[in-house]
Amino acid sequence: MANIALSALDDHFDQQWKQHMPTEYQRARRRRNGKANYKIIRYADDFVIMVSGDRHHAEELREEVAAVLAPLGLRLSPEKTAVVHIDEGFDFLGFNIRRQRKRGTQKWYVYTRPSKKAIQSIKDKVSEKTYRSTRHQDLDELLRSLNMSLAGWANYFRHGTSKATFSAVDYHAWYRLMRWIRAKYKGRTGLSMKQMRRRFCDAGWRFACNGVVFTGASSVKVTRYRYRGGNIPTPWTPEPPAAPSG
């Protein structure tokens, strides 16, 4: 229901855009006159309003949003609503979006990475799959389960600046696997790292069993998202003119 109601918010800001900010010239004139330019990005009941202006412009827009939602019986969540600068960054749909200076240069870019909450969530899932209560499983069964979870998670985040994050998540999974294997197969004399590598690794320190190898999140190739802007169709995209009938 909230998702349907929030379409009114889309309509409100789409009208604002079409009336006051449709061209680059109009947006530049607004900025010269001390006004802000803004646009809403929404997915289901999560949305963010990007503002080219000052903090007071964003504060005023927050009040405007609250006024639009009030007649619909909706209100902004104080815990989830904040006004932040792009250099501080913000979380949206599991991503952290933040502008930073590129290392070794004086150029600034907006980076999109998995948020800390999203990273902790997948680490917790890996830890859950490698608790001592799961040691009744065969190793190949566990490897297959971990690969599926990590690849699924990585596929969602593959369009961000995620390569280093994937490696860090894989290291956490590798460490949990190492402890799980040593505890399961320790025997009477214990299982040394050398024995574990010889018995449960196929290439270097890559765990493998019965043809199933640990591939983790890093098996998913990172493909950076390219801005498409107005090329993405929306409910407000004008219909192309009909072809003349012959």
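Placed above this text is the structure.
Attention in this report is confined to the structure presented alongside it. (Residues numbered from 1 in each chain as written. Predicted model: local features only at pLDDT ≥ 70, side-chain atom pairs only at ≥ 80, totals over all residues. Heavy atoms only, no water.)

So, about a positive patch on the surface. On the surface, Arg132, Arg135, Arg179 and Lys186 cluster together into a positively charged patch. For Arg132, the location among the structural elements is in the loop between helix H5 (116-129) and helix H6 (139-157). According to the relative accessible area criterion, Arg132 is exposed, its value standing at 68%. (Patch = residues over 30% accessible without salt bridge, like charges linked within 9 Å, V, L, I, M, F, W, Y side chains within 5 Å. Areas by Shrake-Rupley, 256 points an atom, 1.4 Å probe, with all protein chains shown as cover. Salt bridge = Lys/Arg side-chain N within 4 Å of Asp/Glu carboxyl O. Lys, Arg positive; Asp, Glu negative; His and termini not counted. Charge placed at Lys NZ, Arg CZ, Asp CG, Glu CD. Helix = DSSP H or I, 4+ residues; strand = E, 2+ residues; numbered from the N terminus. Buried < 20%, exposed > 50% of the residue type's maximum accessible area, 1.4 Å probe, protein only.)

Geometry of an aromatic ring pair is reported as the spacing of the ring centres plus the angle between the planes. Throughout the structure, instances matching the rule amount to 10 aromatic pairs. Plain terms: the ring middles of Trp174 and Phe207 are 5.4 Å apart, the flat faces sit at 25° to each other, and that makes the pair stacked. One end of the pair, Trp174, is in helix H7 (residues 163-184); the other, Phe207, is in strand E7 (residues 206-209), and 33 residues separate them in sequence. This pair shows no difference in class: Trp174 is buried, exactly as Phe207 is. Taken together, a centroid distance of 4.7 Å and an interplanar angle of 35° make the contact between Tyr185 and Phe200 tilted. Here the residue Tyr185 occupies a position in the loop between H7 and helix H8 (193-200), and Phe200 occupies one in helix H8, the gap between them amounting to 15 residues. Overall, the relative accessible area of 7% leaves Phe200 in the buried class. (Phe/Tyr/Trp six-rings, centres within 6.5 Å; stacked < 30°, edge-to-face > 60°.)

With that settled, consider the pairing of strand E2 (residues 46-52). One ladder, built from 7 bridges, connects strand E1 (residues 37-43) with E2; its direction is antiparallel. The residue bridging Asn37 from the neighbouring strand is Ser52, located in E2. Linking two consecutive strands that pair antiparallel, namely E1 and E2, is a turn of 2 residues; a positive phi of about 55° is found at Ala44 within it. (Pairing = 2+ DSSP bridges.)

Time to look at the nonpolar core. Grouped together as the largest cluster of nonpolar side chains are 37 residues, with contacts concentrated most on Leu139, Leu143, Leu150, Trp153, Leu177, Ile181 and Phe207. Those elements that place two or more of their residues in this core are strand E3 (90-92), strand E4 (95-101), H5, H6, H7, H8 and E7. Element by element, the count of residues in this core is highest for H6, at 9 residues. Every residue in contact with Phe207, bar those within four places of it in the chain, is listed here: Leu143, Trp174, Leu177, Met178, Ile181, Met196, Phe200, Cys201, Val212, Val213 and Phe214. Judged by nonpolar contacts, the second largest core, of 13 residues, contains Leu6, Phe13, Ile49 and Leu69. (Core = buried A, V, L, I, M, F, W, Y, C linked by side-chain atoms within 4.5 Å. Contact = heavy atoms within 4.5 Å.)

On to the side chain of Arg176, then. Tracing the backbone shows Arg176 in helix H7. With no salt bridge to any partner, buried Arg176 finds its closest opposite charge in Asp124, at an N-O distance of 9.0 Å.

Between H7 and H8, the shortest axis-to-axis distance is 11 Å and the interhelical angle comes to 100°. When the axes of H7 and H8 are compared, the pair comes out roughly perpendicular. Along the contact surface, H7 presents Trp174, Met178, Ile181 and Arg182, while H8 presents Met193, Met196 and Phe200. For the contact of H7 with H8, a count of residues per class yields 6 nonpolar, no polar and 1 charged. (Axes fitted to C-alpha atoms, helices over the stretch in contact; angles between N-to-C directions. Parallel < 35°, antiparallel > 145°, perpendicular 65-115°, else oblique. Nonpolar A, V, L, I, M, F, W, Y, C, P; charged D, E, K, R; others polar.)

Excluding glycine, most residues fall at negative phi; most peptide bonds, likewise, are trans. The backbone of Leu93 shows a phi angle near 55°, a positive value even though the residue is not glycine. In this structure, Leu93 sits in the loop between E3 and E4. Owing to a relative accessible area of 30%, Leu93 belongs among the partly exposed residues under this scheme. Although it is not a glycine, Asn210 sits at a positive phi angle of roughly 50°.

Looking now at the sheet that holds strand E8 (residues 212-213). Strand order in this open sheet of 3 strands is E6-E7-E8, and the pairing throughout is antiparallel. Bordering the open sheet on either side are strand E6 (201-203) and E8, each of which pairs with just one other strand. By the bridge criterion, 2 bridges tie E6 to E7 in an arrangement that is antiparallel. Note that in E7 the partner of Cys201 across the bridge is Phe207. Set on the sheet, H6 makes contact with E7 and E8; between it and E7 the angle comes to about 125°.

Side chains that differ in charge, positive against negative, can pair when their charged atoms come close. For the structure on display, the rule yields 6 salt bridges. With its nearest N and O atoms 2.6 Å apart, the salt bridge here joins Arg42 to Asp10. Note that Arg42 is positioned in strand E1 and Asp10 in helix H2 (residues 7-20), a separation of 32 residues in sequence. Taking relative accessible area as the criterion, Arg42 reaches 25% and is therefore assigned partly exposed. Relative accessible area serves as the criterion here: at 9%, Asp10 is assigned to the buried category. In this structure, Arg62 and Glu59 form a salt bridge, with 2.5 Å as the shortest nitrogen-oxygen distance. With a gap of 3 residues between them, Arg62 and Glu59 both fall in helix H4 (residues 55-69), about one helical turn apart. For Arg62, a relative accessible area of 28% gives the class partly exposed. Three or more residues are tied together by salt bridges with common partners; here these are Arg55, Glu59 and Arg62.

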